[in-house]
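# Structural features, examined
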Amino acid sequence: EINTTLTTLDLADNRLGQDVGIAVAKAMERNTTITSLDVRHNYLGETAGRAFATMLERNSTLTTLNIEDNQFGENVTLVIANTGLIHNNTISTLGIRLNYPGDDVTVHIFRSLFSMRNTTLTTLNLENSRLGRHAGLLLARQLWTNTTLTELNLGSNTLGKNGENGSVAVLE
């Protein structure tokens, strides 16, 4: 039987690993009831990360996704930004902190999230994601025109003096 009532699934901190992570992502591609999925801190790795990127591209029900601290690395985080986030128009809350995308990949994330195609994201957590000056400057420019994002966590990053100044200018 198919569950038609479960809307929130929290699998955080279960050491699921790559194989279970892939299975969860594939199941979520077809799921039409779960709107909130939390798989943070599960050591999912790169292959499962790619499966989550595909899931984001295909799932039209999920509104909240927490994939924080799963050792996706730069390449997978880039795939998530360039495929899943560009094509998904239902995600409103996204947690990807501690996957260490770095400055260059985060630039792609910002471009994907703030593209004309994404009009649903209201909450983004990029805490401790190795963001640097370039990401800070781009973020500042993107926030000038963004009309949907209401909550942004950039804590524990190294935006640098110029990035910080640009980000603060948006608040004026």
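Now for a quick tour of the structure. Worth saying up front: this structure is predicted, and the values here are computed from it rather than measured. (Residues numbered from 1 in each chain as written. Predicted model: local features only at pLDDT ≥ 70, side-chain atom pairs only at ≥ 80, totals over all residues. Heavy atoms only, no water.)

Turning our attention to the sheet that holds strand S1 (residues 8–10). With parallel pairing, the six strands of this open sheet are ordered in space as S1-S2-S3-S4-S5-S6. Two strands lie at the open edges of the sheet, namely S1 and strand S6 (151–153), each paired on one side alone. Across the sheet, the mean angle from the axis of one strand to that of its neighbour is 5 degrees, orientation sign disregarded. In the sheet, strand S4 (residues 93–95) pairs with strand S5 (residues 123–125) via three bridges, with the strands oriented parallel. Bridge pairing in S5 places leucine 94 opposite leucine 124. (Pairing = 2+ DSSP bridges. Helix = DSSP H or I, 4+ residues; strand = E, 2+ residues; numbered from the N terminus. Axes fitted to C-alpha atoms, helices over the stretch in contact; angles between N-to-C directions.)

Bringing the pattern of salt bridges into the picture now. Evaluation of the coordinates by the stated rule reveals four salt bridges. Arginine 97 is paired through a salt bridge with glutamate 68; the nearest N and O atoms lie 3.5 Å apart. Within this pair, whereas arginine 97 is found in the loop between S4 and helix H4 (102–113), its partner glutamate 68 is found in the loop between strand S3 (64–66) and helix H3 (73–87), the two being separated by 29 residues in sequence. Between arginine 97 and glutamate 127 there is a salt bridge, with its nearest N and O atoms 3.2 Å apart. Highlighted residues: arginine 97 in the loop between S4 and H4 and glutamate 127 in the loop between S5 and helix H5 (133–145), separated in sequence by 30 residues. (Salt bridge = Lys/Arg side-chain N within 4 Å of Asp/Glu carboxyl O.)

This paragraph deals with the nonpolar core. Counting 40 residues, the largest nonpolar core has Phe52 and Leu65 as its most contacted members. When residues of this core are traced back to their parent elements, those giving at least two are helix H1 (17–30), helix H2 (45–58), H3, H4 and H5. If you tally residues by element for this core, the top one is H2, at six residues. (Core = buried A, V, L, I, M, F, W, Y, C linked by side-chain atoms within 4.5 Å. Buried < 20%, exposed > 50% of the residue type's maximum accessible area, 1.4 Å probe, protein only.)

Running from amino to carboxyl end, H2 crosses H3 at an angle of 10 degrees, the nearest separation of the two axes being 7 Å. Considered as vectors, H2 and H3 are oriented roughly parallel to each other. Touching Glu46, Gly49, Arg50, Ala53, Leu56 and Glu57 of H2 are Asn75, Val76, Val79, Ile80, Thr83, Gly84, Leu85 and His87, all from H3. Split by residue class, the contact of H2 with H3 holds six nonpolar, five polar and three charged. (Parallel < 35°, antiparallel > 145°, perpendicular 65-115°, else oblique. Contact = heavy atoms within 4.5 Å. Nonpolar A, V, L, I, M, F, W, Y, C, P; charged D, E, K, R; others polar.)

Before going further, it helps to spend a moment on the packing of H1 against H2. Look at H1 against H2: their axes get within 8 Å of each other, and the N-to-C directions meet at 5 degrees. Overall, the two elements H1 and H2 adopt an arrangement that is roughly parallel. Contact residues: H1 offers Gln18, Gly21, Ile22, Val24, Ala25, Met28 and Glu29, while H2 offers Thr47, Ala48, Ala51, Phe52, Thr54, Met55 and Arg58. Across the contact of H1 with H2, the residue classes break down as eight nonpolar, four polar and two charged.

With that out of the way, let us pick up the layout of surface pockets. In this structure, the largest pocket occupies an estimated 200 Å³ of space. Taken together, eleven residues form the lining of the largest pocket, with Ile2, Asn3, Asn31, Thr32 and Thr33 sitting closest to its centre. Broken down by class, the residue content of the lining of the largest pocket amounts to four nonpolar, five polar and two charged. (1 Å grid on protein atoms, 1.4 Å probe; cavity = no way out; pocket = protein on both sides within 12 Å on 5 of 7 lines; lining within 4 Å. Points joined across faces, edges and corners; volume = space filled by probe spheres on them.)

Looking at the element boundaries, isoleucine 22 is found in helix H1. Through-space distance from the C-alpha of isoleucine 22 to that of methionine 55 is 9.8 Å; in sequence the pair is 33 residues apart. Not counting residues within four places of it along the chain, the set of residues in contact with isoleucine 22 comprises Thr47, Ala48 and Ala51.

Time to look at H3. Relative to the 21 Å expected for 15 residues at 1.5 Å per residue, H3 spans 21 Å between its end C-alpha atoms, a close match to the ideal helical length. Of all the bends in H3, the greatest measures close to 30 degrees and is centred on alanine 81. The set of residues buried in H3 consists of Val76, Thr77, Ile80, Ala81, Gly84, Leu85 and Ile86. (Expected span 1.5 Å × (residues − 1). Bend = angle between axes of the 7 residues up to and from the residue.)

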